[in-house]
Amino acid sequence: MTRSERLERIQQDITESTKTSGREPGAVSLVAVSKTFAADDVAAFAALGHLDFGENKVQEFLQKKEEIDRRLPENNLRWHVIGHLQRNKAKEIVGKTQLFHALDSVKLASSLNLQLDRIAESMDCLVQVNVSGEASKFGIDPPDLRQFIESISEQPNLRIHGLMTLASPSYNPEDVRGEFALLRQLSESAQDLFFDSTRVHLSMGMSHDFKVAIEEGATIVRVGSSLFGSRDYSANASR
Ligand SMILES: *Cc1c(COP(=O)(O)O)cnc(C)c1O
C-alpha cells in the first residue's frame, strides 16, 4: 500500500469505530507516530495533509523538527511528545510541543513550569497513567491520580487536558479493553480537575488496538507502524 492508502485506511477505520461506538464524528484524532522514521517520511505524510506527529525521544524529535522546519519553513505541523521525559530535558521541548502526553512526576511538572515561565508560554499536557500495573512502565498509579493532579495544579503554566496510557502488550486487543475502560473511568472521576472539563482528552490506542480504544472512549489514537511500516531499531543504535 502507498502512504496515501495507509493513511486513508486508518482514517476510515477511525471514522468507522467512532460511528459504531455511537460517538460524534470527529471525536477522535490521529497522531502519526514517526519515531525511528526519517524526516522524509514525515514530509511525505505532511504533503498528504496530515499535521499531527508523535515522537518519544527528545533528541530525535528536535533533529527531525529542525530538518522539517528547514525544508518546509511555512509548515504548521503539530508535534506531540509521547514518551517519558527526563527533567533536565524540559527546556528542550517547551515552546515546540502541541501536546505533551507523558506528564508523570511532580518534579517534571515543576521543571516544565519553570522553563515555560522563561518563555512566557503555557503548555497543554496529559497525565500518563500506568493502567496495566507493570513495574517497567512509567505513569501514575491509578489510586494516586487525583492527588497527583491536585499537587501539580499549582503549576500555572501547565494545562492538564486529560490522561494517556500505554496498554499491556497483547496479541488480542480484546485483552486490554479493560485497561482502556479503566483510563476512561479514571478521567471521569477526575473530570473536575482538568483544564476544560467539557472536553477531556484520552490518548490511548496504537496500531493493533486503536479500534478497541476508540470503543472505550479514546479521543486521540497514536498510530506508528500501521502508517509508516515496521520499525528497524537496529538501523540506529541510539534509538
Ligand atoms: C511507538 C509508540 C506508539 C505507536 O505504536 P505502533 O504500534 O507503532 O502503532 C504509540 N504510543 C507510544 C507512546 C509509542 O511509544
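In the block above lies the structure referred to throughout.
Just so it is clear, the structure is predicted and the values come from calculations on it, not from any experiment.

(A) Geometry of the site of the ligand. Taken together, Val33, Lys35, Asn56, Ile82, Leu166, Met206, Ser207, Arg222, Val223, Gly224, Ser225 and Arg231 are the residues near the ligand. For the ligand, an oxygen atom lies 2.8 Å from a polar atom in the backbone of Ser225. Contact between the ligand and Arg231: an oxygen atom at 2.7 Å from a side-chain N or O atom of the residue. Alone, the ligand offers 390 Å² of accessible surface; in the complex the protein occludes 91% of this. By residue class, the composition of the shell around the ligand is 5 nonpolar, 4 polar and 3 charged.

(B) Summary view of unusual backbone geometry. Phi at Thr36 takes a positive value of approximately 70°, unusual for a residue other than glycine. Secondary-structure assignment places Thr36 in the loop between strand E1 (29–33) and helix H2 (39–47). Even without glycine at this site, Ala120 takes up a positive phi of about 55°. In this structure, Ala120 sits in the loop between helix H5 (106–119) and strand E5 (123–128). Overall, the relative accessible area of 69% leaves Ala120 in the exposed class.

Reading guide: rules and limits
- Residues numbered from 1 in each chain as written.
- Predicted model: local features only at pLDDT ≥ 70, side-chain atom pairs only at ≥ 80, totals over all residues.
- Heavy atoms only, no water.
- Near = heavy atom within 4 Å.
- Polar contact = N/O pair within 3.5 Å; in protein donor to acceptor, adjacent residues only side chain to side chain.
- Areas by Shrake-Rupley, 256 points an atom, 1.4 Å probe, with all protein chains shown as cover.
- Nonpolar A, V, L, I, M, F, W, Y, C, P; charged D, E, K, R; others polar.
- Helix = DSSP H or I, 4+ residues; strand = E, 2+ residues; numbered from the N terminus.
- Buried < 20%, exposed > 50% of the residue type's maximum accessible area, 1.4 Å probe, protein only.

Interpretation note: all reported values are geometric properties and have no functional meaning in isolation.
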